[in-house]
Amino acid sequence: MKKILFVTTALIATASVAAADVRLSGYGRFGLDYNDANDRNVNGVSKTTITSRLRLQFDMSAETDGGVQFDARFRAQAESRDNNPGTAVFNGARFGVVYNGVRVNVGNIIGAVENMPGLYLETRTAGIGIDGAGFVSVVGNVNNEYFNWDAYSSAGSGANGVEVLYSANGFTGHLSYSTDNDSTVNPGVPNGNAGGPDRIGVMLAYSWNDFTVAAAHQSSDIMWEDKTLVSFAWDGGQYGARIAYADNDGIDKLGIYGNVDIGAASNLLLFWTDEDAVSATDVAAGRNDNRDAIAGSNQQEGSSYGIHYSYDLGGGASLEAGYRRASNDNDTFQVGAYFSF
Amino acid sequence: MKKILFVTTALIATASVAAADVRLSGYGRFGLDYNDANDRNVNGVSKTTITSRLRLQFDMSAETDGGVQFDARFRAQAESRDNNPGTAVFNGARFGVVYNGVRVNVGNIIGAVENMPGLYLETRTAGIGIDGAGFVSVVGNVNNEYFNWDAYSSAGSGANGVEVLYSANGFTGHLSYSTDNDSTVNPGVPNGNAGGPDRIGVMLAYSWNDFTVAAAHQSSDIMWEDKTLVSFAWDGGQYGARIAYADNDGIDKLGIYGNVDIGAASNLLLFWTDEDAVSATDVAAGRNDNRDAIAGSNQQEGSSYGIHYSYDLGGGASLEAGYRRASNDNDTFQVGAYFSF
Amino acid sequence: MKKILFVTTALIATASVAAADVRLSGYGRFGLDYNDANDRNVNGVSKTTITSRLRLQFDMSAETDGGVQFDARFRAQAESRDNNPGTAVFNGARFGVVYNGVRVNVGNIIGAVENMPGLYLETRTAGIGIDGAGFVSVVGNVNNEYFNWDAYSSAGSGANGVEVLYSANGFTGHLSYSTDNDSTVNPGVPNGNAGGPDRIGVMLAYSWNDFTVAAAHQSSDIMWEDKTLVSFAWDGGQYGARIAYADNDGIDKLGIYGNVDIGAASNLLLFWTDEDAVSATDVAAGRNDNRDAIAGSNQQEGSSYGIHYSYDLGGGASLEAGYRRASNDNDTFQVGAYFSF
């Protein structure tokens, strides 16, 4: 009694343009994660555990007689990390209106910083290994303040913001805004930011020939969240290289990235990043250093590096393996399978 | 790797009758809500916030050799109101059996009162604006006892009841029953209603030419829930008018509604309601008045009114805007987009 | 705006082999449950309540150029029992790789014991009535330690294990392993099992002509979970018979089962089981007897029996009715409808 929802490309092509539809897509990835920060006798988690994610994405849309597209998206996603498996949950919805190359999104927005080309690794997981391995390669991630910018949330409700995107002739511009009225509001506080951060993000990118240059900035009323990022990437076919840099509210981080196709199905990627310490001026000014505040954590300033290998099996499936050493000396190695549908 | 689930009408027509299937449909709506009851410095919510909903409905069915249809439905829905965004959640399931015009439902039932024609506004949201704006136009909603009848729950488990519906020749009859065995049961209480309300609902409606007349009644063992509602509607094509009245356990509410098509794509709707106070007899008898019991709330007796404008964009999409003043002097204005798929 | 996801068999047959797809299927079942253990004046639950389940299963897959299949599954399921209705929830994901008759699963695994042929009843619900009625017929369920083996979880995250299955020429072999690192870990405990049970399961089955013989074993580091099960079944078309036996960590349980087709659409099934008491040696050794430990519960050792009737309506729908008496003298009778899609 099973229904096949997959309809071949030929059928899609001959069908009249759909005024309204629901599309399902997604991916599964699963494998083994070795993480030397785990110890079954210390934190109750074995050093080697299953890491997995199953994502099913629902894309819904309608198109007006005038060619304006309305769309919306949410995901159902199940994850297991550190032998802590979860049931699948939906995230918050993102709504969009598209017309003449301009897209306006509302709700669980992408975010201008998040959408900057050259922010994430050129791998299927956008990081090292099978689950990204903490995304230490990202120049916006410093000082135990990871992902402190507006970004599409895959398991939560997201930023509940608004954004405008425009793309034309290799140029992309992106402006995003959110105000986080969370539940910890302090009644009577005489300012507009009682509930949480207000964030404004802007991103500009331009691609020509094999090159892409991009810059992004976020302004926030929360400490450590003002940041400026730039990237420059070259995709020469068999070879690719990229450099990225961010000033994260005074903490610089630089990343260098390279990847090469080997034979018909393999790709090998390497990265190296260097993160500055919190400046003495900031510390003297009472701006806390999250890395020191977390008991037992090592300083994160310094170098991280990693290597990732991918083997394409065809049909949307691949084998992925990666090792990385974070600046706090944490080692992880992951290997597994990734398939999309 | 995306799959298009939309299959054109032509394909449906030529396909053999499906003995079993799963259908997906739904809608998205999003916009801005101005509500003068909010104040970021008082309750932490800005006066103007995003209001949105994304609903994806799953309709599943099978048909026996003898032509009996079994069906079931649940929804996944994400909502954001007052800048409090949520992830999508499923509701409870409704099961149905249909044969010869008779439908029996079990579980998250529609409810006889809820199903009465002429209860809700003739708008896409069934209320004013983009999210209904509190549905003050409904004559069954009085005395801060809103929606105190059995109704299909879009985000909860529902009434867990049973109902029978019959339609033929313009006539519709509907009988519903539920018993709410909630978790606050009082062991040893020697009656059958320890856990929550038992509700019986009945609804009769008849349509002829451009007219529809309907009446509904709910009997409950909980205060304020016995109610009788009637409606009379005329749909004359370009113009429509309706009157509705309810006796809500002694509290009368009257509503008058009118709408007009303007040009090819616009519709304008107006409503006015008047709600009586709780009678002195009831108050003397110790029947509490919820409106007074809520600290700081204004009396709700008196008049509400509102206006709604809709512009059809084609392809299932429209722009919706509406203002309403509730009887407690609360003003809301909403504008946004609505699209179905 | 509804989409029909059902695609006829003919279309499936002519479509090219899908490299990646999403399939939806499931079932609904609903009916009445009479359970003499309930009493609205005692535990707040009426003796007769609605019991229902709506299951929608998502099967996602991709196939490599080399013919290796990757797949994944989760379910959304809504249930109501004892007038306690719930909203639908997802379960945890299971990932699989299939090649040349060998399947490796990761995550929410099936489990070797759970997969043993001859463990469950030959009914649509795998038990008596419309919701299984507690599955007292299963020889692995003893001593208030029901379902204490690794099994696919329909509403939870599951065992987060790994398993290998192989089938060829009527033979099936199944090996499963899980380690439950739950959150109750005791830091510093110098053994590998601080967080929960490690379970290893093995199952072997062989079918020839009308016969199937199967055996399974689970080894665990938790009390009452070491168990060995065997079954022998004959399916002679109109008639079927089965015998099953399990040693549940010292507690024997035997079951005898028979069913017969009556006419073109009916089937009648009978079962009888007998469960031994916890041995005096075990009790003397301080191994607790859960049956005595639960206040007010009757001893469960002794006989259970039941009868089930099914009437096929065609199109995937049927009527199901069943009565069973458990060894603790609990009586249940259920009747309802079941349809798949």
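Residues numbered from 1 in each chain as written. Chains lettered and ligands numbered in written order. Predicted model: local features only at pLDDT ≥ 70, side-chain atom pairs only at ≥ 80, totals over all residues. Heavy atoms only, no water.

As recorded in an unreviewed UniProt entry, chain A goes by the name Porin, listed as coming from Lutimaribacter marinistellae.

In this section: the overall build of chain A. Helix and strand counts for chain A come out as three helices and 19 strands. Out of the 341 residues in chain A, the part that is buried amounts to 52%. Once local pairs closer than 6 in sequence are excluded, the contacts in chain A between residues at least 24 apart make up 54%. Of the roughly 13500 Å² of accessible surface on chain A, a fraction of 57% belongs to carbon and sulfur atoms. (Helix = DSSP H or I, 4+ residues; strand = E, 2+ residues; numbered from the N terminus. Buried < 20%, exposed > 50% of the residue type's maximum accessible area, 1.4 Å probe, protein only. Contact = heavy atoms within 4.5 Å. Areas by Shrake-Rupley, 256 points an atom, 1.4 Å probe, with all protein chains shown as cover.)

Attention shifts here to the confidence of the model for chain A. All names here are of chain A. Chain-level pLDDT for chain A is 88 on average; 86% of the residues reach the 70-or-more range. Throughout residues 183-194 the model reports pLDDT below 50, and contacts reaching past four residues in sequence, or to other chains, amount to 19 contacts. This stretch, residues 293-298, has a pLDDT under 50; its non-local contacts, to residues over four places away or in other chains, come to five contacts. Here the predicted complex scores 0.90 on pTM and 0.88 on ipTM. (pLDDT = per-residue confidence, 0-100.)

This brings us to unusual backbone geometry. Even without glycine at this site, A133 of chain B takes up a positive phi of about 55°. In this structure, W224 of chain C takes a positive phi of about 75° despite not being glycine. Within the secondary structure, W224 of chain C is located in the loop between β12 (211-220) and β13 (227-235).

The full count for this structure, using the stated rule, is 54 aromatic pairs over all chains. Directly above the aromatic system of Y257 of chain B lies the positively charged group of R242 of chain B, at a separation of 3.7 Å from the ring centroid. (Phe/Tyr/Trp six-rings, centres within 6.5 Å; stacked < 30°, edge-to-face > 60°. Lys NZ or Arg CZ within 6 Å of the ring centre and 35° of its normal.)

All names here are of chain A. Note on placement: Q57 falls in strand β3 (residues 48-63). Judged by relative accessible area, Q57 falls into the buried class, the value being 7%. In this structure, the C-alpha to C-alpha distance between Q57 and R29, residues 28 residues apart in sequence, is 15 Å. Polar side-chain contacts of Q57 include one of 2.5 Å to the side chain of R75. (Polar contact = N/O pair within 3.5 Å; in protein donor to acceptor, adjacent residues only side chain to side chain.)

A word on the environment of S157 of chain A. Turning to its location among the elements, S157 of chain A is positioned in the loop between β8 (102-107) and β9 (161-168). Look at S157 of chain A and you get partly exposed, because its relative accessible area is 23%. Measuring from C-alpha to C-alpha, the distance between S157 of chain A and A280 of chain A comes to 37 Å, with 123 residues separating the pair along the chain. Setting aside its immediate chain neighbours within four residues, S157 of chain A contacts G92 and N108 of chain A together with P85, G86 and T87 of chain B.

Further remarks concern the pairing of β12 of chain C. Residues and elements named next belong to chain C. In β12, alternate side chains face the same way, and those of T212, A214, A216, Q218 and S220 are buried while those of F211, V213, A215, H217 and S219 on the opposite face are not. Here strand β11 (residues 198-208) runs beside β12; their pairing, made up of 10 bridges, is antiparallel. Looking at β12, one finds that M203 is bridged to A216. Following β11, the chain reverses through two residues before pairing antiparallel with β12; N209 in that reversal takes a positive phi of roughly 45°. Pairing geometry for β12 and β13, over eight bridges, is antiparallel. The residue bridging F211 from the neighbouring strand is W234, located in β13. (Pairing = 2+ DSSP bridges.)

It is worth spelling out the side chain of T64 of chain A at this point. With respect to the helices and strands, the residue T64 of chain A is situated in the loop between β3 and β4 (69-81). Judged by its relative accessible area of 6%, T64 of chain A is buried.

Take the pairing of strand β16 (residues 266-275) of chain A next. All names here are of chain A. Where strand β15 (residues 251-262) lies against β16, 10 bridges are found, and the strand directions are antiparallel. Looking at the pairing, K253 lines up with E275 of β16. Two successive antiparallel strands, β15 and β16, enclose a turn made up of three residues, where G263 displays a positive phi of approximately 65°. The pairing of β16 with strand β17 (residues 302-314) spans 10 bridges and is classified as antiparallel. Note on β17: the bridge partner recorded for W272 is Y305.

As a working rule, side chains carrying opposite charge can pair if their charged atoms are close by. All names here are of chain A. Under the defined criterion, the tally for this structure stands at 30 salt bridges over all chains. For D21, the salt bridge goes to R23, with nearest N and O atoms at 3.0 Å. Take D21: its relative accessible area is 2%, and that puts it in the buried class. In the salt-bridge network here, residues are joined through shared partners; they are R29, R53, E79 and R81. (Salt bridge = Lys/Arg side-chain N within 4 Å of Asp/Glu carboxyl O.)

All names here are of chain C. Note on placement: D198 falls in strand β11. For D198, a relative accessible area of 17% translates into the label buried. In this structure the side chain of D198 is engaged in a polar contact, spanning 2.6 Å, whose partner is the side chain of T179.

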